[in-house]
Amino acid sequence: VFLSSIRPPRNAPAPADSTDSTPKPRGRPLYDVPYMFEAREFLRKKLIGKKVNVQVDYIQPANNNFPEKTCCTVTISGINVGEALVGKGLATVVRYRMEDDQRSEHYDELLAAEARAQKKGVGLHSKKEAPIHRVADVSGDLNKCKQFLPFLQRAGKTEAIVEFVASGSRVRLYLPKETCLTTFLISGIECPRGARPLPGGQMSQSEPYGDEALQFTKEMCLQREVEVRVETMDKGGNFIGWLFVDNTNLSVALVEEGLAKVHFTAERSNYYKQLQIAEENAKRNRRNLWKDYQEVTEVEEVVEDNTERNVSYKSVVVTEVTADLKFFAQLVDNGPQLENLMEQLRQDMTANPPLPGAYTPKRNDMCAAKFSQDSEWYRAKVERVDGSKVTVLFIDYGNKEQTTATSLATLPASFQSLAPQATEYCLACVALPPDEDFKNDAEDAFYDEIANRQLNMNVEYKVGGLEYVSLVNPETKEDVAQKLVSSGFLLAERRREKRLAKLVSDYVKAQEKAKTARENMWRYGDFTEDDAKEFGYSR
C-alpha cells in the first residue's frame, strides 16, 4: 500500500541548461536522495513488527507504465503515520486540482503538519545542508570484501539491517558502522531456493519448500535490526556467517522448521550441536522437507575384503540420472523381455480401456500410468498422493512424474510378476565437490557422460543396500569416474578396502593431474589445502 496524499523526498531536478553528458553510476535512491534514508528509518522503526490500522482512501489507476496504487491512511495507537512523517519534514503533501476528490480523508491535517514543518524548518524544509550517506556497496566485489573481512571477523557480532531477502539463506545487509551494503549467506545450512527471475522475464522453478523458506526468512528478518557474525567469504565476493534476530540463530530456526538441512560445513562451528538437535526435532515432527521422512538405520555392508578386485562387467543402459551421482539403469540382456511386456500391456489397455476415475491411488501401490510425453502406458509405483496430484515412479525406467488419478489405472496381475527393470546405482569411489556451483557443474557433466548410453558396469561395494559401481565406455574403454575426476569435476574418495586400492590409486592420480592443470573446480587452486579457510571448505 501507499500512504495517501503524500510524496517522498526527491532529488532536485537538473538545470534546464545543463550540458553535462558524463555517464553517472547507477543510483541508489535510498541513500542518494536527501532525507530518503531518514524517512525510511522513521517508518521502519515505527511500524516493523507492530499492529496498525489501515483505511483505504482511494485507488490510483495505472498510468504511464506505473502500476495501480492502493492509497491508505495508516494509524498506530491513534497516530496518523503520514501526518507524523510530514510533520518531521520527511515528506511533502501532494497538491490536487479543485475538482479532484481522490485524496486522503485527513488532507487538511496533512497540510497543517506540512505548515508546521515549514515553520520549524525541519527536514526537507531546513536551510541547512542535507545529510549525506556515503555507502560502499561491496556485494560481488572480491577485492573490497577482502579488505572488510578481517575487521568484520575481529568485531565478533556486528549490527546490521536486512534490506532485502533473496532466498531463505541469502540476504542483503546494510552495516551502519561500516556504512556498507553486502550480500550475506547464512552459514551451516543447505536451504532450497525459491522461484527467481531469469533473463527474458521468465521465472525459474522453485525447489520444494524454497518459497516457504523465503517467506519464513522475510517474516523473521526483513527490515529488522539483526546481528551477524562473519566467518569467511566466498569466491563471488559475498560474506558467509551467522545471523541472529533477537538472539535467535536464523540457521537453527530454518532447520527446526524443516526448511533447511544441516550442511557438512557446520561441523566445525560452535552451533553444530544446536543444528543437530533442531534437525532431529524437524525429522521427528515430519516438518516440511522431512514430511515423508522414515527413520532408516544405514549399515555399511563390507563384503569379504578380497585382495583381488572382482571384475565382472555387465552391459547396461542408463535410463535416468538423479542427484548425488545416482542413476537408474537396465540390463541390456533383459531389453527384449521388457519390450515384449510393454507391447502386451499397451495392447491390453487398448482392448480394455480403463474407466477414468475408477482407480483410487494409494501410496506404494503398483499401477499402470500414462506418461505425459508420449501418452503410452507403463508400469509404475505410487510414491505420493497429495489431493488430486499423484507422484509416480516408472519402475522400469527410474523417472518420476506428477500426474492425476485419471491418468492411472489398475495394473493387471499378469504384468506384476516381472521385477522392476530399472535399478538404482551410485558411482563408486568418487564424491561431488562441496561448492554448490562446482557441484552443479559436476552433475551436469555426469549427466552428459552417461544419460541414455549403453555402458559396461561393475559392482564395487554396497552401502545400505545401494550398489556402488564403476562404469566403462565400451567404445573408448575409458572409466567414466576417472575421466570426470581428471577433468576436475569430481573428487577421488580414498576408500580403505585393499581390493579397491588400484582403482582408488588411479582416481587419485587423475585428481592430481586435474589439480596441476587447474581444471574446473581446481581453477582457483587447491581448496583442500591453502585456500580452505579463505573459501570455507573443509576436508
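Further up the page is the structure itself.
Conventions we followed
Residues numbered from 1 in each chain as written. Predicted model: local features only at pLDDT ≥ 70, side-chain atom pairs only at ≥ 80, totals over all residues. Heavy atoms only, no water. Core = buried A, V, L, I, M, F, W, Y, C linked by side-chain atoms within 4.5 Å. Buried < 20%, exposed > 50% of the residue type's maximum accessible area, 1.4 Å probe, protein only. Salt bridge = Lys/Arg side-chain N within 4 Å of Asp/Glu carboxyl O. Helix = DSSP H or I, 4+ residues; strand = E, 2+ residues; numbered from the N terminus. Expected span 1.5 Å × (residues − 1). Arc of directions from axis to C-beta. Pairing = 2+ DSSP bridges.

Draft legend 1. How the structure looks around the nonpolar core. Leu173, Phe184, Phe239 and Leu243 are the most contacted members of the largest nonpolar core, which has 40 residues in total. Counting 39 residues, the second largest nonpolar core, distinct from the first, contains Leu432, Phe446, Val480 and Ala492.

Draft legend 2. Structural detail: the pattern of salt bridges. Overall, the coordinates contain 21 salt bridges when judged by the stated rule. Residue Lys400 pairs with Glu383 through a salt bridge whose shortest N-O separation is 2.9 Å. With a gap of 17 residues between them, Lys400 in strand S21 (residues 400–404) and Glu383 in strand S19 (residues 377–386) connect regions that are remote in the sequence. Classification of Lys400 by relative accessible area gives exposed; the value is 54%. Under the relative-accessibility criterion, Glu383 is labelled partly exposed at 27%. Across the pair Asp506 and Lys502 runs a salt bridge whose closest N-O atoms are separated by 3.0 Å. Of this pair, Asp506 and Lys502 both sit in helix H12 (residues 501–516), four residues apart, which is roughly one turn of that helix. The exposed category is assigned to Lys502, whose relative accessible area is 58%.

Draft legend 3. Summary view of unusual backbone geometry. Phi at Arg286 is positive, roughly 55 degrees, even though this residue is not glycine. Within the fold, Arg286 resides in the loop between helix H8 (272–284) and strand S16 (314–321). The phi dihedral of Ser375 falls on the positive side, at around 60 degrees, and the residue is not glycine.

Draft legend 4. Structural detail: helix H6 (residues 210–221). With 12 residues, H6 ought to run about 16 Å at 1.5 Å a step, and its terminal C-alpha atoms sit 16 Å apart, in line with that. Among all positions of H6, only Gly210, Ala213, Leu214, Thr217, Met220 and Cys221 are buried. One side of H6 carries all its buried residues, which in axial view fall inside an arc of 140 degrees.

Draft legend 5. Main features of the pairing of S16. As paired strands, S16 and strand S25 (residues 454–463) are joined by four bridges and run antiparallel to one another. Across the sheet, the residue bridging to Lys314 is Met457, located in S25. Relative to strand S17 (residues 326–331), S16 runs antiparallel, the two sharing five bridges. Pairing of Val318 across the sheet is with Ala329, part of S17. If you look at the hairpin formed by S16 and S17, you'll find four residues sitting between the two strands, and Asp324 has a positive phi there, around 60 degrees.

None of the figures reported here should be taken as evidence of function without further support.
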